Amino acid sequence: MQSKSTVKPWFFIPTLYFAEGLPYILINSVSVIIYKNLGVDNAQIAFWTSLLYLPWVLKMFWSPWVEKIGKTRDWIIITQLVMVSCLGISAIALQLPNFFYISLITFTLGAFVSATHDIAVDGFYLESLNFTQQAEFAGIRPIFYRGAVIFGSGFLVVLAGKLAKSWNNISLSWTAALSVCALIFLAFSIYHFFSLPKFSNYHNKKSDNTENINIHEQKQSENINSLQIIASYFRKPKILIILAFILSYRFGEALLIKLSNPFLLDSFAQGGLELSTEEVGLMYGGFGVISLILGGMLGGFVIAKIGLKKSIFPMALALNLPNLFYFYMSLVKPSLPVTTMFISLEQFGSGLGLTAFMVYLMEISEGEYKTAHYAISTGIMALGMMLPGLISGYLQQELGYPLFFMVAFLLTVPGMFTVFFIPLKSRKL
């Protein structure tokens with residue numbers, strides 16, 4: 001029996017989940033603003049940055065190897081060190097004439113590294129915390145993950161905007177911003193090398209018997225072929241309608257998400273709202289993220305009180321109806337305070353709708369292979385976000401912003417329609 005660690009989870013859980021959230025928001029959202037600031041057209045931005053979702057779609061296929069090869073602690077430190085290189089090279093690439101494709105390559109590598117880091121962090125969380133601690137930190141993890149979102153889409157974007165004005169050099173401002181992130185990951189890797197427990201099972205003695213049983217079950221489960229586990233997911237009752245729901249529920253959001261920032265940044269002549277980078281950073285990374293968190297909290301409370309079956313359709317409406325705000329804004333070109341209000345309301349509805357969606361993914365993943373099935377569900381969800389994003393930029397360029405936003409709204413209808421046919425349980429949380 002290994003001796004127990006005296007390291008408290010508060011010393012590493014917050015930093016681990018901040019480190020998990022930061023690359024995701026940088027690669028999938030902030031990259032859109034970077035490329036827009038540097039003059040890349042909407043079609044290329046939407047297509048190539050949507051492809052960056054792919055590692056999160058595919059990570060379920062290599063997640064077993066992260067568990068089997070080496071320790072999750074080592075994977076965490078190694079992936080954080082590699083992320084330093086990815087961000088550092090991306091920062092340098094922005095100073096080159098062919099910055100777009102070089103930075104895309106490094107962002108792609110960073111996406112695979114980040115997805116692997118996610119696997120390791122979540123695995124370390126399950127290994128190193130007992131059941132009571134896992135329950136205690138279930139609400140803490142998202143706070144620090146969202147903190148990374150606020151930092152990336154808010155503070156970092158505002159910083160780049162201020163530096164661009166001060167230095168009169170947009171590319172250099174983003175080089176500085178990405179360099180800050182590289183230094184943060186260097187600090188994380190050093191800190192976690194010393195702070196993460198070097199052995200995982202440091203639970204109290206009362207849980208020892210349970211741990212031994214779980215370890216025995218884990219060893220037995222390793223003998224089961226991964227393909228069999230994946231096949232068991234696709235043998236679920238009503239799997240076709242479940243797949244249709246997962247792929248289509250966020251279809252409108254997926255079209256919108258890659259064009260929302262370009263719309264805010266584009267000039268009036270291009271059909272946009274002509275906001276500054278600083279204003280967009282404050283709007284999305286400040287008011288938007290706070291509204292998203294509040295929507296998620298309210299969504300969890302409502303589901304706990306009345307159950308998912310009664311609340312999922314109203315929450316689907318809350319997710320999709322605010323898409324009409326963009327259609328309205330593209331026609332009226334409202335003032336900054338009104339735009340901020342619309343963005344905040346849209347993000348609040350997104351928090352409600354996304355909460356219902358994630359709870360449903362957890363519900364359908366219950367069973368013998370809960371962890372693996374949930375990973376498959378989230379991988380399919382990422383695919384549902386990636387595919388519409390690939391065409392969104394081309395669609396917007398052909399239709400213009402007003403018609404594009406209306407089409408994006410109309411394409412939310414099939415996803416909302418599937419809500420009436422998916423298997424739902426009546427229970428409350």
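Conventions we followed
- Residues numbered from 1 in each chain as written.
- Predicted model: local features only at pLDDT ≥ 70, side-chain atom pairs only at ≥ 80, totals over all residues.
- Heavy atoms only, no water.
- Helix = DSSP H or I, 4+ residues; strand = E, 2+ residues; numbered from the N terminus.
- Buried < 20%, exposed > 50% of the residue type's maximum accessible area, 1.4 Å probe, protein only.
- Contact = heavy atoms within 4.5 Å.
- Areas by Shrake-Rupley, 256 points an atom, 1.4 Å probe, with all protein chains shown as cover.
- 1 Å grid on protein atoms, 1.4 Å probe; cavity = no way out; pocket = protein on both sides within 12 Å on 5 of 7 lines; lining within 4 Å.
- Points joined across faces, edges and corners; volume = space filled by probe spheres on them.
- Nonpolar A, V, L, I, M, F, W, Y, C, P; charged D, E, K, R; others polar.
- Patch = residues over 30% accessible without salt bridge, like charges linked within 9 Å, V, L, I, M, F, W, Y side chains within 5 Å.
- Salt bridge = Lys/Arg side-chain N within 4 Å of Asp/Glu carboxyl O.
- pLDDT = per-residue confidence, 0-100.
- Phe/Tyr/Trp six-rings, centres within 6.5 Å; stacked < 30°, edge-to-face > 60°.
- Lys NZ or Arg CZ within 6 Å of the ring centre and 35° of its normal.
- Expected span 1.5 Å × (residues − 1).
- Bend = angle between axes of the 7 residues up to and from the residue.
- Core = buried A, V, L, I, M, F, W, Y, C linked by side-chain atoms within 4.5 Å.
- Domains from an automatic or database assignment.
- Axes fitted to C-alpha atoms, helices over the stretch in contact; angles between N-to-C directions.
- Parallel < 35°, antiparallel > 145°, perpendicular 65-115°, else oblique.
- Left-handed = near helix turned anticlockwise from the far one by under 90°.

If you tally the helices and strands in the chain, you get 20 helices and 0 strands. Buried positions account for 54% of the 429 residues belonging to the chain. Residue pairs at least 24 apart in sequence account for 83% of intrachain contacts in the chain once pairs closer than 6 positions are excluded. With an accessible surface of roughly 19,300 Å², the chain has 70% of that area assigned to carbon and sulfur atoms.

This paragraph deals with the layout of surface pockets. Size it by volume and the second largest pocket reaches roughly 150 Å³. In terms of residue count, helix H17 (residues 336–364) provides more of the lining of the second largest pocket than any other element does, 3 residues in total. Of the residues that constitute the lining of the second largest pocket, the class distribution is 6 nonpolar, no polar and 4 charged.

A cluster of nonpolar side chains, Leu-81, Leu-183, Leu-186, Ile-190, Phe-193 and Phe-194, forms an exposed patch at the surface whose accessible area comes to about 620 Å². A total of 5 residues in the nonpolar patch trace back to one element, the largest contributor, which is helix H8 (residues 170–195). Counting through the fold element by element, Leu-186 comes out in helix H8.

For the rest of this paragraph, the subject is the confidence of the model for the chain. Chain-level pLDDT for the chain is 85 on average; 88% of the residues reach the 70-or-more range. Of all the helices and strands in the chain, helix H9 (residues 208–222) carries the lowest mean pLDDT, 46, while H8 carries the highest, 95. Scored below 50 in pLDDT, residues 200–216 makes 26 contacts in the model with residues more than four places away or belonging to other chains. Predicted confidence is poor over residues 219–223, with pLDDT under 50, and the contacts of this stretch with residues over four places away or in other chains come to 1 contact.

A complete count under the given rule lists 27 aromatic pairs for this structure. Here the aromatic rings of Tyr-401 and Phe-405 are separated by 5.7 Å at their centres, their planes lie at 20 degrees, and the arrangement is stacked. Pair noted here: Tyr-401 and Phe-405 are both in helix H19 (residues 401–410), with a separation of 4 residues, about one helical turn. Here the basic side chain of Arg-73 rests over the ring of Phe-193, its NZ or CZ set 5.7 Å away from the ring centre.

The subject of this paragraph is the environment of Ala-382. Assignment of secondary structure puts Ala-382 in helix H18 (residues 370–399). The class for Ala-382 is buried, based on a relative accessible area of 7%. Taking the C-alpha atoms as reference points, Ala-382 and Pro-55, separated by 327 residues in sequence, lie 9.1 Å from one another. Setting aside anything within four residues of it in sequence, one finds Ala-382 in contact with Tyr-53, Trp-56 and Val-57.

Owing to its 3.6 residues per turn, the α-helix aligns residues three or four sequence positions apart on the same side. A rise of 1.5 Å per residue sets the reference length of helix H14 (residues 277–306), with its 30 residues, at 44 Å; its end C-alpha atoms lie 41 Å apart and thus fit the reference within 8%. The largest bend along H14 reaches roughly 35 degrees and is located at Gly-288. Remark: Gly-307 follows H14 within two positions and exhibits a positive phi of approximately 90 degrees.

In terms of nonpolar packing, the biggest core is built from 65 residues, with Leu-22, Ile-34, Tyr-35, Trp-174, Phe-263, Leu-264 and Tyr-326 touching the most fellow members. Take this core: its biggest share by element is 11 residues, from helix H1 (residues 13–37). Per-domain counts for this core show at least three residues from each of domain 1 (8–197) and domain 2 (230–428). The contact partners of Trp-174, leaving out residues within four places of it in the chain, are Val-30, Ile-33, Ile-34, Asn-37, Leu-94, Leu-156, Val-157, Ala-160 and Thr-277.

Let us now look at the packing of helix H7 (residues 140–167) against H8. Contact geometry of H7 with H8 gives a least axis separation of 8 Å together with a crossing angle of 140 degrees. Between H7 and H8, the interaxial angle falls into the category oblique. You can see that H7 and H8 cross each other, and the crossing is right-handed. The segment H7 lies against H8, with Phe-151, Leu-156, Val-157, Ala-160, Leu-163, Ala-164 and Trp-167 engaging Ile-170, Leu-172, Ser-173, Trp-174, Ala-176, Ala-177, Cys-181 and Ile-184. Here the residues of the contact of H7 with H8 are counted per class, giving 14 nonpolar, 1 polar and no charged.

Here Met-386 lies in helix H18. Considering only alpha carbons, one finds Met-386 and Phe-47, 339 residues apart in sequence, at a separation of 8.8 Å.

It is worth spelling out the side chain of Ser-90 at this point. Turning to its location among the elements, Ser-90 is positioned in helix H4 (residues 72–93). The class of Ser-90 is buried, set by a relative accessible area of 0%. Ignoring anything within four residues of it in the chain, the contact list for Ser-90 reads Ser-103, Thr-106, Phe-107 and Leu-178.

This structure, assessed with the given rule, holds 4 salt bridges. Note that Lys-162 is salt-bridged to Glu-278, the shortest N-O span being 3.2 Å. In this pair, Lys-162 is assigned in helix H7 and Glu-278 in helix H14, connecting sequence segments 116 residues apart. In this structure, the salt-bridge partner of Glu-278 is Lys-165, at a minimum N-O distance of 3.1 Å. Taken together, the residues span a long stretch of sequence, with Glu-278 in helix H14 and Lys-165 in helix H7 at a distance of 113 residues.

Between H14 and helix H15 (residues 308–320), whose axes approach to 8 Å, the crossing angle comes to 145 degrees. Touching Gly-299, Val-302, Ile-303 and Ile-306 of H14 are Leu-308, Lys-310, Ser-311 and Met-315, all from H15. For the contact of H14 with H15, the residue count by class is 5 nonpolar, 2 polar and 1 charged.

The phi dihedral of Asn-168 is positive, around 55 degrees, even though this residue is not glycine. Within the fold, Asn-168 resides in the loop between H7 and H8. At Glu-274, a position not held by glycine, the phi torsion is positive, near 55 degrees. Of note, Glu-274 is situated in the loop between helix H13 (260–265) and H14. Relative accessible area serves as the criterion here: at 44%, Glu-274 is assigned to the partly exposed category.

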